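Architecture at a glance
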Amino acid sequence: MSDKKEQPKKGKETKRLPLKEGKFSGNGHTFTIVDTMCIARWTQLENFQDLLGWGRSFDDLFRQLHKAYELMDEGKQNEPRIIIHNILTGMKQKLEQRYHPALMLCTLFIIREDEDQTIYNEEFMKEKIKDWTIEGYDINDFFQLAWTLVPGFIKHYQDDMADTLNQLTPEQLEALSKEK
């Protein structure tokens, strides 16, 4: 019996997305990052921007805010506060049973060599994400790319959050801080 400890084998490491190169491979496919898109994909971009920024679709966000507004008109205080709180915390939460909106947004701009760029096919987009997952790419690189693809997102996000918080009363801010 030997005194030597056996060295563990090195596992597969996470890969970095070569953003500056504009091309990369994944699961036997070649991907190219583009800055153009067709009308069908533009519609999806609008949806993903809302999901990425708010954790909700535009329609859902509108319905929830409209409901909160109606409840305030009825003189109710707690229900609207809960709705608004859920919207604010939803911005931080991942959507269940779906790919993260940042990844879906990236699928619009990252084109696989066999892809028809004139249509939007959600199943094909999910296949691309699976390719990236199998290849072992770092999720943070996709987040970085998504933020750069959404024009002015970070500035608008910071401004909107500041405006929202500035409009709350001291009592509302205290109630929100207690719910954490």
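In this report, the structure presented in the accompanying data block is examined. (Residues numbered from 1 in each chain as written. Predicted model: local features only at pLDDT ≥ 70, side-chain atom pairs only at ≥ 80, totals over all residues. Heavy atoms only, no water.)

1. Brief notes about the pattern of salt bridges
- For the structure shown, the criterion picks out ten salt bridges.
- The shortest N-O distance in the salt bridge between Asp-131 and Arg-112 comes to 2.7 Å. With Asp-131 in helix H5 (residues 122-135) and Arg-112 in strand S3 (residues 110-112), the pair connects residues that are 19 residues apart, well separated along the chain. As far as burial versus exposure is concerned, Asp-131 and Arg-112 are alike and both buried. (Salt bridge = Lys/Arg side-chain N within 4 Å of Asp/Glu carboxyl O. Helix = DSSP H or I, 4+ residues; strand = E, 2+ residues; numbered from the N terminus. Buried < 20%, exposed > 50% of the residue type's maximum accessible area, 1.4 Å probe, protein only.)

2. Side note on the pairing of strand S1 (residues 23-26)
- The two faces of S1 differ: Phe-24 and Gly-26 on one face are buried, but Lys-23 and Ser-25 on the other face are not.
- When S1 meets strand S2 (residues 29-33), the two strands line up antiparallel, connected through four bridges. In the sheet register, Ser-25 faces S2, and the bridge partner there is Thr-30.
- What sits between the antiparallel neighbours S1 and S2 is a turn of two residues, in which Asn-27 has the positive phi angle 55°. (Pairing = 2+ DSSP bridges.)

3. Here we look at the environment of Ile-87
- Within the fold, Ile-87 resides in helix H3 (residues 78-90).
- For Ile-87, a relative accessible area of 4% translates into the label buried.
- Separated by 23 residues in the primary sequence, Ile-87 and Gln-64 place their C-alpha atoms 8.1 Å from one another.

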